[in-house]
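Structural features, examined
Okay, here's what each chain looks like letter by letter:
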Amino acid sequence: MADAELWRERSAITHAGKLKAHMFMMHGTNDTRYPINQARDFRDALIADGKKEGEHFEYVEFSDEGHGSADIAGKTRSYRLLADYLERRL
């Protein structure tokens, strides 16, 4: 790939160790726009760089979702998790 170094330089995974703020990630396992392996790879890069789940970041996968929630139950679940996270962190 001609631009491999450029993509590597601009990839969030390359810079995972620089994470300073606590991060909350939600991802659907059926996401066709951004496949689940991208979220898992980023989570794994955080861990490899010494970040701890719960202490530095939180990660949630939805086995029944794609790119965002398609129904009201899924949206409600996502917003409740986000509200809970914000309540604990702010």
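Residues numbered from 1 in each chain as written. Predicted model: local features only at pLDDT ≥ 70, side-chain atom pairs only at ≥ 80, totals over all residues. Heavy atoms only, no water.

Bringing the pairing of strand S2 (residues 57–62) into the picture now. As paired elements, strand S1 (residues 23–28) and S2 share six bridges and run parallel to each other. Bridge pairing in S2 places Phe24 opposite Glu58. The handedness of the S1 to S2 crossover, carried by helix H2 (residues 36–48), is right-handed. (Pairing = 2+ DSSP bridges. Helix = DSSP H or I, 4+ residues; strand = E, 2+ residues; numbered from the N terminus. Right-handed = clockwise from strand over helix to strand, strands pointing away.)

Turning our eyes to something else, we now look at the nonpolar core. Of all hydrophobic cores here, the largest spans 10 residues; its members are Ala16, Leu19, Met25, Ile36, Ala39, Phe42, Ala45, Leu46, Phe57 and Tyr59. Among the elements of the structure, H2 and S2 are those that each provide at least two residues to this core. Ranked by the residues each element gives to this core, the list is headed by H2, at five residues. Every residue in contact with Phe42, bar those within four places of it in the chain, is listed here: Ala12, Ile13, Ala16, Met23 and Met25. (Core = buried A, V, L, I, M, F, W, Y, C linked by side-chain atoms within 4.5 Å. Buried < 20%, exposed > 50% of the residue type's maximum accessible area, 1.4 Å probe, protein only. Contact = heavy atoms within 4.5 Å.)

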